[in-house]
Structures are given as structure tokens and as C-alpha cells.
Amino acid sequence: MDQRRSVSDLFNPLRPESNRNPPLYPSLIPKTLISLPKRGQNPSGAQKPPAMETTVSYQRFPKVRIREMKDEYCKFELRETDASMANALRRVMIAEVPTVAIDLVEIEVNSSVLNDEFIAHRLGLIPLTSDNAMRMRFSRDCDSCDGDGQCEFCSVEFHLNVCCDSDQTLDVTSADLRSAEASVIPVDLAVKALAMESSSTSYEAAEQRGIIIVKLRRGQELRLRAIARKGIGKDHAKWSPAATVTFMYEPDIHINEDLMETLSLDEKRAWIESSPTKVFDLDPNTGQVVVVDPEAYTYDDEVIKKAEAMGKPGLVEINAKEDSFIFTVESTGAIKASQLVLNAIDVLRQKLDAVRLQDAEENDFSELKAHLG
Ligand SMILES: [Zn+2]
């Protein structure tokens, strides 16, 4: 057996488990993290695709079903995987999917009431459209500008020049930022442009002014140059494309019908009412208690406590399905929620590739190799 391959296979999540090492704790076996399209040759070239047909495979093919999809919001089910996968996906969406945000500010004139640092911070927090962020370079990795972060591959320049010359207080907003790159603009302006195109009236007048940066009185001025760079939420929250990413375990609810029938109609009603959320209801025709919305259950245990208080323990059994998750993703608008999920999968895949590559290049496994024979 090729020793090099055996070592790298150990860390290859695509590796089918052979019968040579019968698993003691199936739940602890490293399983495939996500079903990805088959990759070509591993970048290291050190391993071949695993032989699928001869051995038992623990490789899983998680299934995704989209329930709801809007530009800034999406809800989907992730099934046939485990919590490690769901959580990895959640964390990557929050902290490792790149966006573009203002990172460097050169103040030329600032006679406003806010100090330079305060304004720079506020500018950083304005979400910018980041559809190209995955293709951009991190300024620290950019060889065109030596990490200076001021070239076309890794940065976008903004200018702002506002002076107040009336007695009316002047709001300086994201709408005053002039971008050198048409594809990178404050998100609220992009939304506004879109709303005006479709002549939608839902866009509130208050929102049309843009995100307020500072307010100027007569004679005050703000003039600056800002550089937006690619970054990730791990480095600073301003780069996080996610407003909210949550997942819940899908509840598995079983009503003990025989026990339930021993309850009177009033008792059934009282039991249904004990749930703070509308999970159960009474079927008006049959008088049976039915589950109307299992996902409304918040794992509060109230119905279980109620059943015990009524002297009917075991009336209902509720378990969290360990392989089914319901995700809710809200984007800041920097990228679409659906794109956020796809980019997260891409980032996760790159990270896995890096682990495999590192493993293939690692030569410190001589002991392990000897042990494996
Ligand atoms: Zn550069």
C-alpha cells in the first residue's frame, strides 16, 4: 500500500471507511461535510479520487430545500447532515464570507462636530455592494500594490466633499460618497436605484436620504478620501455580510394518541393552551389534538410539564431531529442572501482544500506511517 496515500486519506473526508477499522462510535467518524460537485485532481496531486464502489461509505449528501427567498432574506432546510456542518456553515456566513468596506480614510478638511476617528468609523460601517468581493484580492495579498491597498485589484476609492452654506442643518449621508467604481456603492443607494426603476412606492421617504454620517451647520465642511478594501467579519464586524444567520433543529413531535383520548375536551384545550406558541390545535371535526406547526415549538417543555401536571406523563414526546436544520439568513445587503450561502460553501470548500493540501505536503508523519504499516 502506498504509505503516502494512506496518510493523506486519513484526513480526506471523502475517504470511504473501510471494514478494516470497524467503527466503535459511528457518530464520531469523520463524515463528509457537504456534498460538493466532484472535484478534479486534488491540488496536491497526491491522491486519486477514492474508490466508491468497493467499500461502505459514510459519505453523506446533504439536501437543501429552499423555502423562501428574497434579496436580503432566505430560509432553507438543510437535511441529512449534522450539527458540525450546520454550524460551520453558519459561522462561515457570519465571519468569513468577504465583502468590501471602507478601511482607510484620509481626512482633508473636517470642521464638523465629530472627530476624524469617529467619522472614519461611521464610514466603515456603511454597507457597500460587494458582488465582486470574492474575485477581489485582499490588500495584504495583493502583489500589484505591495499591500498598499490602493490599486484596482484590491481597493475602491471614494471621495466625499460637502460644505454647508445655509442656515439649515445639512445631513451628510452615504449618498454624498462618490465611488470610483460603479459596482461598489453604498447598499442603500443601490436599493434606492432599484426601487426607482420599478417605481415601487414601498421605499420610505425617510430612507431615501441615505445613511447619515454627520450633520453640518453653516460654515462647516467635510472633505475626505476613503479607500474601501476587501475583508472578512473575523477581522472586523463591518465586513460581515450577515445581519442574522440562525438555524434551529427541526422538532419531531409524537402525540400518544391512546393517552390523549383519555383526556376530556376541556383538558385537551387546556393542554393545547399551555404551549406559548401555536404548535397544537384541536381538529374541529374529530376532536383530536393535532400538530399544526411543529416548527413553532421553541423547546420550552411547557406542554411536557403540563402533561405531567395533569398526571399524564408521556402524553407527547418531542425530540430534536439531529440531522435536520432550518436556516434563516438575513444579509446586510452587501450581497444577496442566496449569494451569501453559496459564497459560504465556496469559502468552506477552499478551507477544506487547504487542509488537504497541507496534509499532503506535511512530511512529519513518519511515526504514523510506520504505525499504519
Ligand atoms: Zn492592490
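Values in this document were obtained by computation on a predicted structure and should not be read as measured data. (Residues numbered from 1 in each chain as written. Predicted model: local features only at pLDDT ≥ 70, side-chain atom pairs only at ≥ 80, totals over all residues.)

1. Side note on the overall build of the protein
Here is step 1 of the chain: Along the protein, the regular secondary structure elements total nine helices and twelve strands.
Here is step 2 of the chain: Within the protein, buried positions represent 26% of all 373 residues.
Here is step 3 of the chain: Nonlocal contacts in the protein, meaning residues at least 24 apart in sequence, comprise 72% of its contacts between residues at least 6 apart. (Helix = DSSP H or I, 4+ residues; strand = E, 2+ residues; numbered from the N terminus. Buried ≥ 20, exposed ≤ 12 C-beta atoms within 10 Å, placed from the backbone. Contact = placed C-beta atoms within 7 Å.)

2. Focus: unusual backbone geometry
With the exception of glycine, the majority of residues adopt a negative phi angle, and the majority of peptide bonds are in the trans configuration.
Here is step 1 of the chain: The residue tyrosine 299 is not glycine, and still its phi comes out positive at about 55°.
Here is step 2 of the chain: Along the chain, tyrosine 299 falls in the loop between strand 11 (289–291) and helix 7 (302–309).

3. With respect to the sheet that holds strand 4 (residues 155–163)
Here is step 1 of the chain: The four strands are arranged 3-8-4-6 in an open sheet whose pairing can be described as antiparallel. Only two strands of the sheet have a single partner each, and these edge strands are strand 3 (99–110) and strand 6 (178–179).
Here is step 2 of the chain: Bridge analysis of strand 4 against strand 6 gives two bridges, and the strand direction is antiparallel. Considered in strand 6, the bridge of histidine 159 is made with arginine 178.
Here is step 3 of the chain: Contacting strand 3 and strand 8 (221–231), helix 3 (residues 116–124) crosses the sheet at an angle of about 150° to strand 3. (Pairing = 2+ DSSP bridges. Axes fitted to C-alpha atoms, helices over the stretch in contact; angles between N-to-C directions.)

4. A word on the sheet that holds strand 12 (residues 316–331)
In any sheet, the strands associate via hydrogen bonds between backbone groups, in a parallel or an antiparallel arrangement.
Here is step 1 of the chain: Strand order in this open sheet of four strands is 1-2-12-9, and the pairing throughout is antiparallel. Two strands close off the open sheet at either side, each with one partner strand: strand 1 (63–69) and strand 9 (242–255). Across the sheet, the axes of successive neighbouring strands diverge by a mean angle of 25°, strand direction being ignored.
Here is step 2 of the chain: For strand 9 and strand 12, the ladder comprises twelve bridges, and the chain directions are antiparallel. Each bridged residue has a counterpart across the sheet, and for threonine 246 the counterpart in strand 12 is threonine 328.
Here is step 3 of the chain: Relative to the sheet, helix 2 (residues 83–95) contacts strand 2 (73–79), strand 9 and strand 12, its axis offset from that of strand 9 by approximately 160°.

5. Observations concerning the nonpolar core
Here is step 1 of the chain: If you look at the biggest cluster of nonpolar residues, it comprises 52 residues, and the most contacted ones within it are Met93, Leu128, Ala228, Val329 and Leu340.
Here is step 2 of the chain: Considering each element in turn, this core owes the most residues, six residues, to helix 2.
Here is step 3 of the chain: Split by domain, the residues of this core number at least three in each of domain 1 (3–95 + 326–372) and domain 2 (99–239).
Here is step 4 of the chain: Val303, Ala307, Leu315 and Val316 belong to the second-largest nonpolar core, a separate cluster that totals five residues. (Core = buried A, V, L, I, M, F, W, Y, C linked by C-beta atoms within 7 Å. Domains from an automatic or database assignment.)

6. Some remarks on the pairing of strand 4
Here is step 1 of the chain: Pairing geometry for strand 4 and strand 8, over nine bridges, is antiparallel. Each bridged residue has a counterpart across the sheet, and for cysteine 163 the counterpart in strand 8 is glutamate 221.

7. Description of the confidence of the model for the protein
Here is step 1 of the chain: This prediction gives the protein a mean pLDDT of 82; 78% of its residues lie at or above 70.
Here is step 2 of the chain: Residue range residues 1–53 is modelled with pLDDT below 50. Its contacts to residues more than four positions away, or to other chains, number 68 contacts. (pLDDT = per-residue confidence, 0-100.)

8. With respect to the environment of lysine 230
Here is step 1 of the chain: Assignment of secondary structure puts lysine 230 in strand 8.
Here is step 2 of the chain: Each C-alpha atom, one on lysine 230 and one on threonine 99, is 5.6 Å from the other, the two residues being 131 residues apart in sequence.
Here is step 3 of the chain: With residues up to four places along the chain from it excluded, the contact list for lysine 230 reads Pro98, Val100, Ala133, Met136, Arg137, Phe138 and Cys154.

9. Focus on the environment of glutamate 302
Here is step 1 of the chain: Within the secondary structure layout, glutamate 302 lies in helix 7.
Here is step 2 of the chain: Along the backbone, glutamate 302 and serine 275 are 27 residues apart, and their C-alpha atoms lie at a distance of 5.7 Å.
Here is step 3 of the chain: Contacts of glutamate 302, omitting those with residues within four sequence positions, involve Ser274, Ser275 and Pro276.

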